[in-house]
Amino acid sequence: MITSSKLTDAEIMQKIASYDSKALEELYDRYTPILYTLVKKIVGDKETAEEVLSDVFVIIWKHIEEFDYTKGNVYTWIVTLARNKAIDVMKRKRGKEDREYTKEYEREKIVPALSKEIETMELEGVLEMKEKVETAIGSLTEAQRYVMELSYYEGLEETGIAQKLKIPASTVKSKLQVAISNLMKKVYKN
């Protein structure tokens, strides 16, 4: 991972808000490895993943004013933005999203509006937690892991997962709740 300066993610975002293209390049260098992995898992092929990744940084540039500096959670904002964009691309390819892709649509469906309750994390801190998270995910049952993947990587809601798996939505809801609870306990235990 290339980090050319000691600036925090939030400081880089402030520079981008001043239309500093070098700051955008620094953010790109810092986040591309993790975002590419996520996006490729969602879209499945290298070419589409590269296109989505390029779009993500254009969206950051265009919508930097929508980043909430009072919370400053750059990592979660960027990862969520990349996930949203990748899922939207796949929905459009599958014919499951036919609304016109406008700036308003992008603002509503792609650019995240994060809860103020989400804990702020820097990329370095997230990378330090990676092993704990992988271990926690590995401890889930196969069914719990699968419903989590359908929710996160395919963007399906409980009813969509229930339809796909041909099980009641209440079963999906309980599997998701138990899986999230188990993950939180294992990742954040002291």
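For the structure itself, consult the block above.
(A) Spotlight on the overall build of the chain. In terms of regular secondary structure, the chain is built from nine helices and zero strands. Its helices and strands taken in sequence order, the chain reads α-α-α-α-α-α-α-α-α from the N to the C terminus. For a compact globule of 190 residues, the expected C-alpha radius of gyration is about 16 Å, and the chain comes in at 17 Å, within 12% of that figure. Expressed along its principal axes, the backbone C-alpha trace of the chain runs to roughly 50 × 45 × 30 Å. Relative to its full complement of 190 residues, the chain shows a buried share of 36%. By sequence separation, contacts in the chain at least 24 residues apart represent 66% of the contacts at least 6 residues apart. Counting only carbon and sulfur atoms, one obtains 51% of the accessible surface of the chain, whose full area is about 11,300 Å².

(B) The pattern of salt bridges, seen in detail. The full count for this structure, using the stated rule, is 10 salt bridges. Residues Arg 99 and Glu 97 are paired through a salt bridge, measuring 2.9 Å at the closest nitrogen-oxygen approach. Via salt bridges that share partners, Asp 9, Glu 26 and Arg 30 belong to a single interconnected network.

(C) Structural detail: the packing of aromatic side chains. Following the criterion strictly, the structure yields six aromatic pairs and no others. Look at Tyr 28 and Phe 57: their rings are 4.9 Å apart centre to centre, the planes differ by 65 degrees, and that puts the pair in the edge-to-face class. Of the two residues, Tyr 28 is situated in helix α2 (residues 21-43) and Phe 57 in helix α3 (residues 46-62); the sequence distance between them amounts to 29 residues. Taking the relative accessible area as the measure of exposure, Tyr 28 reaches 36% and is therefore partly exposed.

(D) Representation of a negative patch on the surface. Taken together, the side chains of Glu 11, Glu 122, Glu 124 and Glu 128 present a region of like negative charge at the surface. Mapped onto the fold, Glu 128 is located in helix α6 (residues 123-138). According to the relative accessible area criterion, Glu 128 is exposed, its value standing at 67%.

The rules behind these values
Residues numbered from 1 in each chain as written. Predicted model: local features only at pLDDT ≥ 70, side-chain atom pairs only at ≥ 80, totals over all residues. Heavy atoms only, no water. Helix = DSSP H or I, 4+ residues; strand = E, 2+ residues; numbered from the N terminus. Rg over C-alpha atoms; globule rule 2.2 N^0.38 Å. Buried < 20%, exposed > 50% of the residue type's maximum accessible area, 1.4 Å probe, protein only. Contact = heavy atoms within 4.5 Å. Areas by Shrake-Rupley, 256 points an atom, 1.4 Å probe, with all protein chains shown as cover. Salt bridge = Lys/Arg side-chain N within 4 Å of Asp/Glu carboxyl O. Phe/Tyr/Trp six-rings, centres within 6.5 Å; stacked < 30°, edge-to-face > 60°. Patch = residues over 30% accessible without salt bridge, like charges linked within 9 Å, V, L, I, M, F, W, Y side chains within 5 Å. Lys, Arg positive; Asp, Glu negative; His and termini not counted. Charge placed at Lys NZ, Arg CZ, Asp CG, Glu CD.

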